[in-house]
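# Architecture and fold: a report
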Amino acid sequence: MKKEQLLSLFIEHKNEWLSGNELADKLSISRTMIWKIIRNLKASGHQIESKKNSGYKYLGSNSFNRLLIQKHLNVPFEIETFNEIDSTNTYAKKILGQSKLKNPTIIVADKQTAGYGRRGRDFYSPKDTGIYMTLILPIKDNEIFDGGMLTTMTAVAVVNGLKISYPDVDFKLKWVNDIYVNNKKVAGILTESVMNVELMHPLALIIGIGINLNTKDFPDNMDRPVGSIGDQKVDKNKVAADIINEFIQLYPNYLDGKFIEEYRQLSMLIGKKVKIQTHRGLISGKVTDFDQHGRLILFDGNKHQAIMTGEVIKVNF
Ligand code: BTN
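Cut-offs used in this document
Residues numbered from 1 in each chain as written. Predicted model: local features only at pLDDT ≥ 70, side-chain atom pairs only at ≥ 80, totals over all residues. Heavy atoms only, no water. Helix = DSSP H or I, 4+ residues; strand = E, 2+ residues; numbered from the N terminus. Buried < 20%, exposed > 50% of the residue type's maximum accessible area, 1.4 Å probe, protein only. Contact = heavy atoms within 4.5 Å. Areas by Shrake-Rupley, 256 points an atom, 1.4 Å probe, with all protein chains shown as cover. Lys, Arg positive; Asp, Glu negative; His and termini not counted. Charge placed at Lys NZ, Arg CZ, Asp CG, Glu CD. Core = buried A, V, L, I, M, F, W, Y, C linked by side-chain atoms within 4.5 Å. Pairing = 2+ DSSP bridges. Axes fitted to C-alpha atoms, helices over the stretch in contact; angles between N-to-C directions. Phe/Tyr/Trp six-rings, centres within 6.5 Å; stacked < 30°, edge-to-face > 60°. Lys NZ or Arg CZ within 6 Å of the ring centre and 35° of its normal. Expected span 1.5 Å × (residues − 1). Polar contact = N/O pair within 3.5 Å; in protein donor to acceptor, adjacent residues only side chain to side chain. Near = heavy atom within 4 Å. Nonpolar A, V, L, I, M, F, W, Y, C, P; charged D, E, K, R; others polar. Right-handed = clockwise from strand over helix to strand, strands pointing away. Salt bridge = Lys/Arg side-chain N within 4 Å of Asp/Glu carboxyl O.

## Looking at the overall build of the chain
In terms of helices and strands, the chain carries 8 helices and 15 strands. Expressed as a percentage of the 317 residues in the chain, the buried residues total 48%. Put simply, 64% of the contacts in the chain that link residues at least 6 apart link residues at least 24 apart. Split by element, the accessible area of the chain, about 15,900 Å² in all, is 49% carbon and sulfur. Averaging the positions of the 43 positive and the 35 negative side-chain charges in the chain gives two centres separated by 3 Å.

## So, the nonpolar core
Ranked by internal contacts, the top residues of the largest apolar core, which has 61 residues, are Met133, Trp175 and Ile211. At 9 residues, helix α6 (residues 147-165) tops the list of elements feeding residues into this core. Setting aside residues up to four positions removed in sequence, methionine 133 forms contacts with Thr88, Ile106, Ile107, Val108, Ile207, Gly208, Ile209, Ala240, Ile243 and Ile244. Judged by nonpolar contacts, the second largest core, of 19 residues, contains Leu6, Ile29, Ile38 and Ile48.

## What about the sheet that holds strand β10 (residues 201-212)?
Read from one edge of the open sheet, 7 strands run β4-β5-β6-β10-β9-β8-β7, paired in mixed fashion. The outermost strands of the open sheet, each flanked by one partner alone, are β4 (78-82) and β7 (172-174). The sheet shows a mean angle of 20° between the axes of neighbouring strands, taken without regard to direction.

## Let's talk about the packing of aromatic side chains
For the structure shown, the criterion picks out 8 aromatic pairs. With a centroid separation of 6.5 Å and 70° between ring planes, the pair formed by phenylalanine 123 and tyrosine 132 is classed as edge-to-face. When the centroid spacing of 5.1 Å and the interplanar angle of 80° are considered together, the rings of tyrosine 263 and phenylalanine 290 count as edge-to-face. Here phenylalanine 290 lies in strand β12 (residues 281-290) and tyrosine 263 lies in helix α8 (residues 260-266), a separation of 27 residues in the sequence. Tyrosine 263 gets classed as buried once you look at its relative accessible area, which sits at 1%. Sitting over the face of the ring of phenylalanine 64, lysine 236 holds its NZ or CZ atom 4.3 Å from the ring centroid.

## Quick look at α6
Compared with the 27 Å implied by 1.5 Å per residue over 19 residues, the 28 Å span of α6 between its first and last C-alpha is a close match. The N-capping residue of α6, defined by a side-chain oxygen 3.0 Å from the backbone nitrogen of glycine 148, is aspartate 146.

## Some points on the site of the ligand
Lining the immediate surroundings of the ligand are 20 residues, of which Ser87, Gln112, Tyr116, Arg118 and Lys185 lie closest. At 2.8 Å, a side-chain N or O of serine 87 approaches an oxygen atom of the ligand. Here a nitrogen atom of the ligand and a side-chain polar atom of glutamine 112 are 2.9 Å apart. Protein coverage of the free-state accessible area of the ligand, which is 410 Å², stands at 98%. Counting residues per element, the ones that place at least two in the shell around the ligand are α5 (88-98), β6 (130-138), β9 (184-196) and β10. Ranked by the residues each element gives to the shell around the ligand, the list is headed by β9, at 4 residues. In the shell around the ligand, the residues fall into 7 nonpolar, 10 polar and 3 charged.

## Re the environment of lysine 3
With respect to the helices and strands, the residue lysine 3 is situated in helix α1 (residues 2-12). Contacts of lysine 3, omitting those with residues within four sequence positions, involve Ile37, Asn40, Leu41 and Ser44.

## Quick look at the pairing of strand β5 (residues 105-109)
Counted residue by residue, β5 has 5 buried out of 5 residues, so it is predominantly covered. The side-chain alternation of β5 yields two buried faces, one formed by Thr105, Ile107 and Ala109 and the other by Ile106 and Val108. The sheet contact formed by β4 and β5 spans 5 bridges and is parallel. For phenylalanine 82, the partnering residue across the bridge sits in β5 and is alanine 109. Note that the unit made of β4, α5 and β5 has a crossover that is right-handed.

## With respect to the pattern of salt bridges
Counted under the stated rule, the structure contains 17 salt bridges. A salt bridge links lysine 258 to aspartate 256; its shortest N-O distance comes to 3.8 Å. A residue is classified by how much of its surface remains accessible, and lysine 258, at 65% relative accessible area, is exposed. Assessed through its relative accessible area of 38%, aspartate 256 is described here as partly exposed. For aspartate 291, the salt bridge goes to arginine 295, with nearest N and O atoms at 2.7 Å. Here aspartate 291 falls in the buried class, since its relative accessible area comes to 15%. One connected set of salt bridges, linked through shared partners, spans Asp110, Lys127, Asp128 and Lys236.

Structure follows, in structure tokens:
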């Protein structure tokens with residue numbers, strides 16, 4: 001497709017002037033056609049400067065784009081991008097229901113109209129101010145996996161990926177899957193699975209990652225302090241790719257739990273008194289550690305216990 005070819009040329013020559021004639025020759029189409037495609041690219045969020053006698057200069061994009069993400073990825077990945085979608089996790093479940101995916105796939109959107117988080121909460125996902133992304137990881141029939149550890153590992157990968165564009169920001173992790181900056185939640189992770197009902201074995205894991213890059217004006221009904229990373233201008237295609245690269249680096253050996261040391265360093269809970277809502281009720285105590293399986297170790301004054309899942313509802317009360 002000519003649009004994709006032109007975009008590839010622009011990406012290869014980012015920030016360079018390319019004349020209309022040169023582009024028309026390379027793509028074997030007319031200059032008017034080049035101009036029409038450029039108008040179309042601009043309408044979908046690409047920033048292209050034009051100047052008489054110089055031609056066109058590609059500056060980047062405010063929107064997600066497959067080629068722009070791929071350009072920064074260390075290994076090839078299948079990627080689908082959307083300007084708007086209900087939820088990337090919902091879409092992932094839909095396509096898994098229709099066909100058997102063999103390869104890991106990334107779904108990413110500029111806006112979600114029905115983004116959701118843990119416990120059915122809404123995840124506010126306005127246009128162009130965040131990263132709303134789902135990784136689909138197909139699971140082989142005899143593969144051993146651990147959804148809990150994978151979520152914990154993803155939290156470390158997200159922080160490491162964000163650190164590349166935001167080296168001065170002090171990211172913290174709140175067990176299990178929340179990322180905080182200045183005591184406000186700026187990102188969350190939701191891992192789900194799609195089952196093969198006949199085999200009673202998951203077909204795939206779906207890891208949804210939502211990040212508020214510079215989102216403002218959150219709805220009033222948020223039940224915890226939420227915020228965004230900051231006003232600094234970043235290339236969100238690169239940030240998404242950086243996160244995926246970090247994920248790919250940790251994923252092959254995540255079951256050995258070596259990443260937990262990094263998780264500990266990033267945790268905002270170690271040494272703090274917390275109240276945790278678990279399926280067995282409310283418990284409180286002091287967080288002393290996280291074990292090799294990502295379980296939170298809580299000391300209630302008498303004994304230590306390892307907690308697998310739950311929600312920290314109060315810190316330092
Ligand atoms: C949480 O904080 O409880 C998890 C939030 C997860 C939000 C992401 S955004 C991309 C993906 N699509 C969704 O609808 N949810 C996840």
